[in-house]
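Structural features, examined
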Amino acid sequence: MNKISTLSMLLLFFGMAHAQVSFTPSPISTNGAERAAVDMNGDFLDDVVSVTATNVQIYYQQPDGSFVERNITTTPADNTPSWSLSAADFDKNGKTDLLYAGGNGVTFMQANNSDGFDEISFPQYVFSQRSNFVDINNDGHLDAFVCHDVAPSVYYINNGDGTFTFHQGDIGDYPSGGNYGSVWVDYDNDGDMDCFIAKCNVNGDVNERSENQLYQNDGAGNFVEVAETAGLKDNMQTWSSAWADFDNDGHLDVFVGSSSANFTHKLNRNNGDGTFTDISASTGIHALTTTGIENCTYDFNNDGYADIASNGNILLNNGDLTFTLIPLALPNNNGSLGDLNNDGFIDSFTGGQIYYNDGNSNHWLTINTIGVESNINGIGARVTITSALGTQIREVRSGEGFKYMSTLNTHFGLGQDTEIATLTIAWPSGIVDTLENVAVDQVISVVEGSTVLGLNESVTNNLILYPNPAQHVLNLGDTTDFTNPSYSIFDMQGRKLMGAPLDANAIDVSTLATGNYILKIHDGNTLKSQRFIKK
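Cut-offs applied
Residues numbered from 1 in each chain as written. Predicted model: local features only at pLDDT ≥ 70, side-chain atom pairs only at ≥ 80, totals over all residues. Heavy atoms only, no water. Domains from an automatic or database assignment. Helix = DSSP H or I, 4+ residues; strand = E, 2+ residues; numbered from the N terminus. Contact = heavy atoms within 4.5 Å. Salt bridge = Lys/Arg side-chain N within 4 Å of Asp/Glu carboxyl O. Buried < 20%, exposed > 50% of the residue type's maximum accessible area, 1.4 Å probe, protein only. Pairing = 2+ DSSP bridges. Axes fitted to C-alpha atoms, helices over the stretch in contact; angles between N-to-C directions. 1 Å grid on protein atoms, 1.4 Å probe; cavity = no way out; pocket = protein on both sides within 12 Å on 5 of 7 lines; lining within 4 Å. Points joined across faces, edges and corners; volume = space filled by probe spheres on them. Nonpolar A, V, L, I, M, F, W, Y, C, P; charged D, E, K, R; others polar.

**Digging into the domain arrangement of the protein**
Taken domain by domain, the protein holds domain 1 (77-328) and domain 2 (465-534). Computed from C-alpha coordinates alone, the two centres of domain 1 and domain 2 are separated by 33 Å.

Okay, structure coming up:
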């Protein structure tokens, strides 16, 4: 009898943790192109945004899940978001700005302090595709990147005073374009944002113009195209990709969605050494034969594993790098995704409807990142949590999929776990915040640098063998507790100065200035720290 009861409980637990996902539509009256589910007024509740050339319609979400409508008249925009919209607070005034990526150019709608928008349009011709806000040069100010269909892509460097400087090329610089779906990710775990561009020829030809590109950020403002070396130079037709750590091993994998019936979708697993392996055949993703332009990733059933939304279909992650297809769970454009009733589950907005996630008993956590030295939204931050399920990672991004803008809040599902052992945020500035013993089923806000003293809490005295103080090299002691570890070195203000995979029991610290530092050795399960002195 006890064995039967135990088996029943295990089956019940598995069923809850890996629950299916469904949505219930609810109508909402919209005015214009429906483009975003994102917080617009700084209260961290996802709002619903639709636009025309002269109006921004915002349904402001209230704490009880209801909405208050407001229509904001604008000057006639030179460009509308016919191809994509992205959103972020690029001037740090606490209000979310918009980028309209149109067929002829780019317009910024800057949220002013009078509850309106000021138009900033650039004169250059840009056949826009996907757009993103990201701090390209890591100066603490959000820049903007826009894919160009018929020429090299463009970007707008934030001057820090509410103005931008136009640039073209260097990132997505094929002469005749073909740049469709850009997404900014840290695929190599070096702390800075790299750029992947999904590429396509609309006439169906497959040639150099349609080869996907991966631009590696060297941390000094230089980007090098490495797709062939990485194994991502796929010659296929695609408009977008979905990046997540699908196997929770600490490395971002990528689903590349086919936009043509002549090609199949691909799932590439990150090998942790800068390369990827196509594992599509063993994952079950080929059960999805529908193709299209919209692909993104969220944990829709809150089981602790990132799922894939592809043109309205959901590939539900089984937790073992296999996926179960839920056909037509959402409309075929996926919509804009966010938590639209503040219940901890991801919903969708599109077609005059909010598709509310029906939810289940799984637990969750939502984090609002508030940058100080980094950009105010924390875009580019890496958020890591560890619970009984293991370790999960997310990144704060503006602009995923192809056309729509989704939440800037960071969402985790936790299955039946009831506590998070550690929550770590590695900010673009290099500052790292750590929280311990975090409760589930809540929304928390973390201000950059607010928990830096937490670095001292796990400091030991047996990590460094000799010498300490050190001038050139730190020789480490026994590191057999770790599996494929990496190291990070922080100053006493919590700023990350160095970091890389640990491939030997010695670390060159000769470039550090004289002073006190903290060394961290970490893998997905173990973290040890020790202070040292550089002389």
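After that view of the structure, there is still more to cover.
**Side note on the environment of Lys535**
Of note, Lys535 is situated in the segment after strand S42 (527-534). In contact with Lys535, other than residues within four places in its own chain, are Pro469, Ala470, Gln471 and Thr514.

**Some points on the pattern of salt bridges**
A full pass over the atoms with the stated rule returns 10 salt bridges. A salt bridge links Arg209 to Asp149; the nearest nitrogen and oxygen atoms lie 3.2 Å apart. Of this pair, Arg209 sits in the loop between strand S15 (194-199) and strand S16 (213-217) while Asp149 sits in the loop between strand S11 (143-148) and strand S12 (154-158), and the two are 60 residues apart along the sequence. Accessibility classification places Arg209 together with Asp149 in one group, the buried group. With a shortest N-O distance of 3.1 Å, Glu395 and Arg397 are connected by a salt bridge.

**A word on the sheet that holds S15**
One open sheet accounts for four strands, arranged S14-S15-S16-S17; its pairing is antiparallel. At either end of the open sheet lies a strand with only one pairing partner, and these are strand S14 (179-185) and strand S17 (223-225). If you compare each strand with its neighbour and ignore which way they point, the axes differ by 20° on average. Both S16 and S17 contribute to a ladder of three bridges, which runs antiparallel. Its bridge partner lying in S17, Gln216 is registered against Val224.

**Some thoughts on the layout of surface pockets**
By volume, the second largest pocket is sized at about 230 Å³. As for the second largest pocket, its lining consists of 15 residues, of which Asp39, Gly42, Phe44, Ile376 and Asn377 are closest to the centre. The dominant element in the lining of the second largest pocket, judged by the number of residues it contributes, is strand S29 (residues 363-370), at three residues. Its residues placed into classes, the lining of the second largest pocket shows five nonpolar, seven polar and three charged.

**A short note on the sheet that holds strand S5 (residues 67-73)**
Judged by pairing direction, the sheet is antiparallel, and its four strands sit side by side in the order S2-S3-S4-S5 without closing on themselves. If you trace the sheet from one side to the other, it starts and ends with strand S2 (33-38) and S5, each paired once. Between one strand axis and the next, the sheet turns by 20° as a mean value, whatever way the strands run. Alignment of strand S3 (residues 47-52) against strand S4 (residues 55-61), held across five bridges, turns out to be antiparallel. Considered in S4, the bridge of Val51 is made with Val56.

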